[in-house]
Amino acid sequence: MSDDLLAEIVSAIPLPALMVDQTERIIAANTDARTLLGQNIVTRHFATILRQPQVIEAMEQSLRDKGRAKTRHLANDGAQDTTFEVECRYMNGVGAVSGGAVLAVFQDVTHLEQASQMRRDFVANVSHELRTPLTALMGFIETLRGPAREDAAARERFLQIMTDEANRMNRLVGDLLSLNRVESEERVRPREELDLSGLLQSTINSLRPLAEDAEVELRLTNDPQGPVSLIGDSDQLRQVFTNLIENGIKYGGSGGLVEVRIQSFERDTAMRGPAVRVQISDKGPGIDPTHLPRLTERFYRADNHRSRQLGGTGLGLAIVKHIVNRHRGRLRVESELGKGSVFTVILPQQKPEEAQV
């Protein structure tokens with residue numbers, strides 16, 4: 001097989017690929033391999049290019065045994081660490097004096113590694129979140145069986161704490177199930193036509209007792225006046241706005257006002273078309289800007305102690321993010337310490353026939 005034909009075959013492989021013959025030099029490499037390993041790699045000894053011991057060992061094994069070998073190559077694309085699965089296959093009758101060569105193909109598995117790490121982190125976080133209330137419950141049960149058996153006041157206090165911890169576990173399990181359901185539906189577009197202004201008014205009415213207890217005024221401002229129609233999932237959008245307004249009452253309630261504003265745009269820059277924006281703003285203590293990029297991460301809390309005290313599970317904004325993504329929308333957070341916070345949900349205003357595309 002001619003060198004030109006060999007180079008054409010390697011170039012046609014849709015993954016980074018290179019070939020090393022029995023002289024241990026690279027005799028062909030496609031564009032993706034040159035991008036990954038360097039432009040001038042052909043004719044170079046493979047060990048000077050593939051410098052990682054496990055990759056060199058796999059290549060040597062395949063050349064020696066004239067068989068297969070598999071390993072991993074670690075790299076960095078300038079923004080993050082990347083992981084490639086390297087498959088080495090021996091080919092007879094090619095290379096110097098047709099003595100055979102090894103074809104090495106690099107497959108990017110970074111996304112699989114990240115997904116695996118996310119699962120491990122998720123399980124670790126869930127275990128930690130459940131262990132805390134379980135430990136508290138077990139401790140109080142032991143105390144009630146022993147020293148506090150005849151202490152009525154202590155018994156009532158401990159039972160109330162146990163009830164709070166059990167409710168916290170129940171909320172956590174509920175949020176986990178909700179997050180799982182939302183993630184499973186994230187790629188399925190909603191089909192229901194709804195009135196957003198009516199949905200927001202209903203949500204605010206249901207939260208008004210909570211606001212009154214916190215001495216917070218809830219105010220709805222509807223700029224377009226009248227119904228605001230869009231395509232969406234009413235239950236999920238109610239969950240989004242309940243979460244955001246409830247957070248405004250709990251964490252920003254010290255300002256005494258949580259305002260919900262609806263704005264409609266013929267052409268929104270974020271959506272590049274007709275859209276509606278819902279802003280939930282408070283006058284509370286605000287959030288340190290360093291926390292803003294991570295607010296929608298699972299179990300991330302800007303104020304861990306206060307969030308636990310107020311019954312937060314650390315999953316609410318992660319659920320909000322996935323629901324907004326399902327609606328092809330955007331979630332923006334603006335905040336400054338001492339000046340309150342603004343959560344903006346931007347939703348496209350689709351026609352029913354457009355949503356079915």
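Look up a bit, the structure's there.
Residues numbered from 1 in each chain as written. Predicted model: local features only at pLDDT ≥ 70, side-chain atom pairs only at ≥ 80, totals over all residues. Heavy atoms only, no water.

> Please give an account of the sheet that holds strand β5 (residues 101-108) that cites residues and values.
The 5 strands are arranged β2-β1-β5-β4-β3 in an open sheet whose pairing can be described as antiparallel. Two strands close off the open sheet at either side, each with one partner strand: β2 (26-29) and β3 (69-76). Between one strand and the next, the sheet's axes are offset by a mean angle of 25 degrees, whatever the strand orientation. Both strand β1 (residues 17-21) and β2 contribute to a ladder of 3 bridges, which runs antiparallel. In the sheet register, Val20 faces β2, and the bridge partner there is Ile26. (Pairing = 2+ DSSP bridges. Helix = DSSP H or I, 4+ residues; strand = E, 2+ residues; numbered from the N terminus. Axes fitted to C-alpha atoms, helices over the stretch in contact; angles between N-to-C directions.)

> So, unusual backbone geometry: which residues are in play, and what are the values?
Phi is positive for Thr43, close to 80 degrees, though the residue is something other than glycine. One can find Thr43 in the loop between α2 (31-37) and α3 (46-49). Taking the relative accessible area as the measure of exposure, Thr43 reaches 54% and is therefore exposed. Non-glycine residue Glu215 carries a positive phi angle of around 55 degrees. Mapped onto the elements of the fold, Glu215 is located in the loop between α7 (196-213) and β7 (217-222). (Buried < 20%, exposed > 50% of the residue type's maximum accessible area, 1.4 Å probe, protein only.)

> Residues and numbers for the pairing of strand β10 (residues 273-282), please.
Where burial is concerned, most of β10 is hidden: 8 out of the 10 residues are buried. Judged from the 9 bridges that link them, strand β9 (residues 257-268) and β10 form a sheet pairing that is antiparallel. Its bridge partner lying in β10, Arg261 is registered against Gln279. Pairing of β10 with strand β12 (residues 341-348), which is carried by 7 bridges, proceeds in the antiparallel orientation. The residue of β12 that forms the bridge with Gln279 is Thr344.

> Any chance you could break down the nonpolar core for me, citing the residues and the numbers?
Residues Leu196, Leu218, Phe241, Leu244, Ile245, Ile249 and Ile280 are the most contacted members of the largest nonpolar core, which totals 41 residues. Those elements that provide at least two residues to this core are α6 (152-184), α7, α8 (234-252), β9, β10, α10 (316-326) and β12. When sequence neighbours within four positions are dropped, the list of residues in contact with Ile245 reads Thr203, Ile204, Leu207, Leu218, Val260 and Ile280. (Core = buried A, V, L, I, M, F, W, Y, C linked by side-chain atoms within 4.5 Å. Contact = heavy atoms within 4.5 Å.)

> Could you give me a rundown of the sheet that holds strand β11 (residues 330-335), with the residues and numbers involved?
Strand order in this open sheet of 5 strands is β7-β9-β10-β12-β11, and the pairing throughout is mixed. Edge positions in the sheet fall to β7 and β11, since each of these pairs with one other strand and no more. If you compare each strand with its neighbour and ignore which way they point, the axes differ by 15 degrees on average. Packed on one face of the sheet, α7 meets β7, β9 and β10 and runs near 170 degrees to β7.

> Help me get a handle on α8, residues and values and all.
The end-to-end C-alpha separation of α8 is 26 Å, in line with the 27 Å expected for 19 residues at 1.5 Å each. Along α8, the positions that sit buried rather than exposed are Ser234, Gln236, Leu237, Val240, Phe241, Asn243, Leu244, Ile245, Gly248, Ile249 and Gly252. (Expected span 1.5 Å × (residues − 1).)

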